[in-house]
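# Observations on the model geometry
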Amino acid sequence: MLELIERFDFFSAVWMTVKLTLWAALGSLILGTFIAVLRLSPIKVLQWAGSTYVTVFRNTPLTVVVVAANLVIWNQLGLEVAARNATYLDDTNFRLAILALVAYHAAFVCEAIRSGVNTIPVGQAEAARSIGLTFGQNLRHIILPQAFRGAVTPLGNVLIALTKNTTVVTAIGVAQVSHAMRRMIEFRSDVLFTVFGLVALTFIVLTLPLGILTGWASEKLAVKR
Amino acid sequence: MSKKNMLRLAALTAAAALALTACGDDAADPGTGDGGEGTLRIGTKYDQPGLGLDEGGTMSGFDVDVAKAVAEKLGYSEDQIEWSESPTPQRESMLETGQVDMIFATYSITDTRKEKVQFAGPYLVAGQDLLVKADDDSITGPQDLEGKLLCSVSGSTPAERVAEDYPGVQLQEYDTYSLCVEALAGGRVDALTTDDTILAGYAAQEQWAGQFKVVGAPFSEELYGVGIPKESDMCEQVNEALTELYEDGTMDEIIDKNFGPAGYTPAPGTNPPTPGGHCG
């Protein structure tokens, strides 16, 4: 196993998975919150835009989103997302992969936050409106703070799914864990089960703490009513 | 019970027997080596134009034609062949678990693989080459790749070789070569690299006719072999069949039929190969 790790530079692949996860988590949290706000807003067009976004991206396979990011944005439209230097292709694919992961998971983050909103009694939003808070103030001071606290568990689930979904970006050649796995299978098919074991172990090490952490945080942060 | 069902039952029984014997110490003959009866289960690629392609139920391509010719020599008619898809990462395990009797799927003979399966052949010596746009004269071999953008399949041997031997080259990796061809057509990459046979298959595809050319300066040797389970006794028979196919000219016909339109001929120094030496 150590020989595999060394020959295929496994730790840099793990680091790539971690980087993809962190950037995509940050991006999808921001975009997902924004879309949730659209869906909660009193304006019909914005609600419609938000729910259309969720419907489209939640129902499209991630592989399609990832490959489309590369083929449409880079290949067809010819847009550049990285400088033409020695790491041009690596940078391009890394950024497009994050873009695709963000676009896809934002839909799930949005729904997680909406589930958090549902934990807030309707009376609170009505009370806030009746003391003269605008929609923005209502959102900022009453709804979102409680929604996030109520949505810790579903958001944690999205984060765990995101961690594992980073494997899909092998489709455009980003050198993370599943890419390393593919190389190992190609060159060391004689130790197939060790390879699978190593990859499974890696993901357990990455995701198990996330599950424990969100379980603990959801209890700690839950709004006591 | 209809004849077809009888056949299926027979195949199932054979498979069950195979699975059982595989556990025993002295495995009995798992393949129906004598031929003529039952079915021959052959694994090939289903998505490789020019080599092994499933076109809505009918199989076509070089590997498929060689497999059919070998099956005929072994005494199996075309409708006694049972095709299954054998993608690259699954080939060894399909043979080890006895899901197929033999695999013709751009299967390069390597020492790592020989630890798990045996190989008949080689029946063709391919080599890693480059596919470029038809009007591109700036690339005549791997030495011209410095600073160019190259495309191949994620984690494949050709991709790895380029990354190791030509560090100045940037590599775009996709899941399939079709996407690479797309990127090459779009002008986003300068060349596509893998075995020359696979490249020729793409160049000969109707929708790309005349747009690409194979550079023709192979920089590796890939011995295409027939993957066979370790405990099978058909390996030498397949070697004999392959030798005969070269002697009676069938092989040249097959090569010409599948690669002719792309203007590709197997590298002359190493072809035709002498089958044998990789059994057991």
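Residues numbered from 1 in each chain as written. Chains lettered and ligands numbered in written order. Predicted model: local features only at pLDDT ≥ 70, side-chain atom pairs only at ≥ 80, totals over all residues.

## Here's the deal with the overall build of chain B
Across its full length, chain B holds nine helices and 13 strands. Classification of the 280 residues of chain B by burial places 47% in the buried group. Relative to all contacts within chain B whose residues are 6 or more apart in sequence, the contacts with residues 24 or more apart total 72%. (Helix = DSSP H or I, 4+ residues; strand = E, 2+ residues; numbered from the N terminus. Buried ≥ 20, exposed ≤ 12 C-beta atoms within 10 Å, placed from the backbone. Contact = placed C-beta atoms within 7 Å.)

## A closer look at the interface of chain A and chain B
Taken together, the 20 residues of chain A in the interface contact 23 residues of chain B. Listed by contribution, the elements that provide at least two residues to the side of chain A that touches chain B are helix 4 (62–76), helix 5 (88–117) and helix 9 (177–187) of chain A. In terms of residue count, helix 9 of chain A provides more of the side of chain A that touches chain B than any other element does, six residues in total. Taken together, the residues of the side of chain A that touches chain B break down into nine nonpolar, six polar and five charged. (Nonpolar A, V, L, I, M, F, W, Y, C, P; charged D, E, K, R; others polar.)

## Observations concerning unusual backbone geometry
Here the amide bond leading from Gly121(B) into Pro122(B) is cis, since omega sits at 10 degrees, within 30 degrees of zero. Looking at the element boundaries, Pro122(B) is found in strand 7 (residues 117–126). In the segment running from Asn271(B) into Pro272(B), the intervening peptide bond is cis, with an omega of -5 degrees. Turning to its location among the elements, Pro272(B) is positioned in the segment after helix 9 (250–259). The backbone of Asp9(A) sits at a positive phi, close to 50 degrees, despite the residue not being glycine. By the element assignment, Asp9(A) lies in the loop between helix 1 (2–7) and helix 2 (10–40). Given 13 C-beta atoms within 10 Å, Asp9(A) falls into the partly exposed group. Phi angles above zero are rare outside glycine, and Thr106(B) is one such case at about 40 degrees.

## As for the pairing of strand 3 (residues 52–55) of chain B
Residue and element names in this part refer to chain B. Bridging between strand 2 (residues 47–48) and strand 3 involves two bridges; their strand directions are antiparallel. Each bridged residue has a counterpart across the sheet, and for Asp 47 the counterpart in strand 3 is Leu 53. Following strand 2, the chain reverses through three residues before pairing antiparallel with strand 3; Gly 50 in that reversal takes a positive phi of roughly 85 degrees. With three bridges connecting them, strand 3 and strand 4 (residues 58–60) associate as antiparallel partners. Paired with Leu 53 across the two strands is Ser 60, which belongs to strand 4. (Pairing = 2+ DSSP bridges.)

## Observations regarding the packing of helix 8 (residues 152–165) of chain A against helix 10 (residues 192–221) of chain A
Residues and elements named next belong to chain A. Orientation of helix 8 relative to helix 10, taken along the N-to-C sense of each, is 170 degrees, at an axis distance of 9 Å. Classified by the interaxial angle, the pair formed by helix 8 and helix 10 is roughly antiparallel. Listed contacts from helix 10 to Val 152, Thr 153, Gly 156, Leu 159, Ile 160, Thr 163 and Lys 164 of helix 8 are Phe 203, Leu 206, Thr 207, Leu 210, Gly 211, Thr 214, Ala 217, Ser 218 and Leu 221. For the contact of helix 8 with helix 10, the per-class residue count stands at eight nonpolar, seven polar and one charged. (Axes fitted to C-alpha atoms, helices over the stretch in contact; angles between N-to-C directions. Parallel < 35°, antiparallel > 145°, perpendicular 65-115°, else oblique.)

## A look at the pairing of strand 11 (residues 191–195) of chain B
Residue and element names in this part refer to chain B. By the criterion of burial, strand 11 is predominantly enclosed, with five of the five residues buried. Direction of pairing for strand 8 (residues 128–133) relative to strand 11: antiparallel, over a ladder of four bridges. Bridge pairing in strand 11 links Gln 128 to Asp 195. Here strand 9 (residues 149–153) pairs with strand 11 via two bridges, running parallel.

## Some thoughts on the nonpolar core
Soluble globular proteins tend to bury their nonpolar side chains together. Counting residues in hydrophobic clusters, the biggest one holds 130 residues, and the most contacted among them are Val66(A), Ala97(A), Leu131(B), Leu192(B), Ile228(B) and Val238(B). Taken together, domain 1 (3–126 + 222–262) and domain 2 (128–214) of chain B each give at least three residues to this core, which thus spans both. Look past the residues within four positions of Leu192(B) in its chain and what remains in contact with it is Leu131(B), Cys151(B), Ser152(B), Tyr177(B), Cys180(B), Val181(B), Leu184(B) and Leu199(B). (Core = buried A, V, L, I, M, F, W, Y, C linked by C-beta atoms within 7 Å. Domains from an automatic or database assignment.)

## Points about helix 9 of chain A
In terms of burial, helix 9 of chain A is largely enclosed, as eight of its eleven residues are buried. Among the residues making up helix 9 of chain A, those that are buried are Val177(A), Ser178(A), His179(A), Ala180(A), Met181(A), Arg182(A), Arg183(A) and Met184(A). As for helix 9 of chain A, its buried residues are in contact with helix 1, helix 2 and helix 10 of chain A together with helix 5 (157–165) of chain B.

## Remarks on the environment of Gln211(B)
Residues and elements named next belong to chain B. Tracing the backbone shows Gln 211 in the loop between helix 7 (196–203) and strand 12 (212–214). Its 15 C-beta neighbours within 10 Å are what place Gln 211 among the partly exposed residues. Setting aside its immediate chain neighbours within four residues, Gln 211 contacts Lys 133, Ala 134 and Ala 185.

## Thoughts on the sheet that holds strand 3 of chain B
The three strands are arranged 2-3-4 (chain B) in an open sheet whose pairing can be described as antiparallel. The sheet is open, and its two borders are formed by strand 2 and strand 4 of chain B, each paired with just one other strand.

## Quick word on the domain arrangement of chain B
All names here are of chain B. If you check the domain split of chain B, you get domain 1 (3–126 + 222–262) and domain 2 (128–214). Contacts between the two partners involve twelve residues from domain 1 and, on the opposite side, twelve residues from domain 2. Across the side of domain 1 that touches domain 2, the residue classes break down as seven nonpolar, three polar and two charged.

## Brief notes about the sheet that holds strand 11 of chain B
Residue and element names in this part refer to chain B. Read across the open sheet, the five strands follow the order 10-9-11-8-12; overall the sheet is mixed. Across the chains shown, the open sheet's two edge strands, defined by having one partner strand only, are strand 10 (170–174) and strand 12. Mean inter-strand twist for the sheet, computed between neighbouring axes without regard to direction, equals 30 degrees.

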